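Each chain is listed here by its residues.
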Amino acid sequence: MKRFLLSVMPEETRLAVEEDGILTDYLAERGIPYAVASRHCCRLNYGVRGKRYFTVGFPNVAGGYEIRSRYFKGCIPPKDVSLIKPEDTASDVCSVFEGFMDFLSADTLGIGGNGDSLVLNSVANVGKAVKHLDGYGRIDCFLDRDESGRRTLEVLKGHYGGRVCDRSALYDGCKDLNEYLQRTAKKEMNNNLKIKGQ
């Protein structure tokens, strides 16, 4: 999979990912239902060197986008965190995710409830997250179970102490929450096939 920081502006932004097949198939492969993706993502059409592309876009607080497709992972600058706050609700809890697929996975699994969520969009953005996290009484971290996820958790614990809760035990044995969702969905599908076959 290629990773790039694009220096192009999207030509067209649609408010939601459409049920067009290619993008929804990609999201389904990742375990993300259309109903979840359409609430938080958009379809971005853009061009690079005369070629036309489209991808799933996830907006950040600075006006940029994280972009994903089956073959491409990148961003349209500026790169920043994404903050998701349910309308008309004040929350004392914020769930922190490394990437937006993990956030969408949590939404699919019903994790995080009505609280706020912050997506780092890169562990390099942990410093940018601080100003958004200062007002929360509890910070639930759903970070990747790898060295960079552990380092990021330690940085947040160093800044916020006991307010930071590591929630990665939920997906023990998986790299991240999206892998856990995919495994859970696959097990469910296999169980359903066994039940139908009886």
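Please refer to the structure placed before this passage.
Remember, it's a predicted structure, so these values are computed and weren't measured experimentally. (Residues numbered from 1 in each chain as written. Predicted model: local features only at pLDDT ≥ 70, side-chain atom pairs only at ≥ 80, totals over all residues. Heavy atoms only, no water.)

As for the environment of Phe97
Condition: Helix numbers and strand numbers start at the N terminus; a helix is a DSSP run of H or I with at least 4 residues, a strand a run of E with at least 2. Here, two residues are considered to be in contact whenever any of their heavy atoms come within 4.5 Å of each other.
For Phe97, the location among the structural elements is in strand E8 (residues 93-97). It is 6.2 Å that separates the C-alpha atoms of Phe97 and Leu120, two residues lying 23 residues apart in sequence. Among all residues touching Phe97, those that are not within four sequence positions of it are Asp102, Phe103, Ala106, Ser117, Leu118, Val119, Leu120, Phe142, Leu143 and Leu177.

So, the environment of Val119
If you trace the backbone, Val119 turns up in strand E9 (residues 116-119). Sequence separation of Val119 and Glu98 is 21 residues, and the distance between their C-alpha atoms is 5.7 Å. Those residues in contact with Val119 that lie beyond four places of it in its chain are Phe58, Val81, Ser82, Ile84, Phe97, Glu98, Gly99, Phe100 and Phe103.

A look at unusual backbone geometry
Looking along the chain, the bond that leaves Pro77 and enters Pro78 is cis, with omega of 5°. Relative to the helices and strands, Pro78 is located in the loop between strand E6 (72-76) and strand E7 (82-84). A positive phi angle, close to 65°, is found at Asn121, a residue other than glycine. Inspection of the secondary structure assignment puts Asn121 in the loop between E9 and helix H4 (126-133).

Remarks on the nonpolar core
Definition in use: For the purposes of this section, nonpolar cores are sets of buried Ala, Val, Leu, Ile, Met, Phe, Trp, Tyr and Cys residues that join through side-chain atoms within 4.5 Å. Any residue under 20% of the maximum accessible area for its type is buried, any over 50% is exposed, and the rest in between are partly exposed; the area is computed with a 1.4 Å probe on protein chains only.
Within the largest apolar cluster, 21 residues are counted, with the highest numbers of intra-cluster contacts made by Leu27, Ile32, Phe97, Phe100, Met101 and Leu104. Going through the elements one at a time, helix H1 (22-29), helix H2 (34-40), strand E4 (51-59), helix H3 (100-109) and helix H6 (177-197) are the ones with two or more residues in this core.

Some thoughts on helix H5 (residues 147-160)
Put simply, the test is: In a helix, the anticipated span is given by 1.5 Å times the number of residues less one.
For H5, built from 14 residues, the straight-helix expectation of 20 Å at 1.5 Å per residue is met to within 8% by its first-to-last C-alpha distance of 20 Å. Backbone geometry just downstream of H5 places Gly161 in the positive-phi region, at approximately 60°.

Brief notes about the sheet that holds E9
The strands making up a sheet are joined through hydrogen bonds of the backbone, oriented either antiparallel or parallel. Cut-off, in case you're wondering: Two strands qualify as a pair provided DSSP detects at least 2 bridges between them. Angles run from 0 to 180 degrees between N-to-C directions of axes, and those axes are lines fitted to C-alpha atoms, restricted for helices to the stretch in contact.
Spatially, the 5 strands line up as an open sheet ordered E7-E9-E8-E10-E11, and their pairing is mixed. Either end of the sheet is taken by a strand with one partner, and the two such strands are E7 and strand E11 (164-166). For this sheet the average axis-to-axis angle between neighbouring strands, irrespective of direction, equals 20°. With 3 bridges joining them, strand E10 (residues 138-142) and E11 adopt parallel strand pairing. Each residue of the ladder has a partner; that of Ile139, found in E11, is Val164. Sitting on the sheet, H5 touches E8, E10 and E11, and the angle it makes with E11 is about 150°.

As for H4
All of the buried residues along H4 are Val126, Ala129, Val130, His132 and Leu133. Buried positions along H4 lie against E7, E8, E9, E10 and H5.

With respect to the pattern of salt bridges
For clarity, the threshold we go by: By salt bridge we mean one thing: a side-chain nitrogen of Lys or Arg within 4 Å of a carboxyl oxygen of Asp or Glu.
What the rule picks out here adds up to 14 salt bridges. Arg70 is the partner of Glu29 in a salt bridge, and the nearest nitrogen-oxygen pair spans 2.6 Å. Of the two residues, Glu29 sits in helix H1 while Arg70 sits in the loop between strand E5 (65-68) and E6, which places them 41 residues apart along the sequence. Between Glu179 and Arg183 there is a salt bridge whose closest N-O contact spans 2.9 Å. Highlighted residues: Glu179 and Arg183, both in helix H6, separated by 4 residues, approximately one helical turn. Taking relative accessible area as the criterion, Arg183 reaches 42% and is therefore assigned partly exposed. Overlapping salt bridges bring together Asp144, Asp146, Lys175 and Asp176 as one network.

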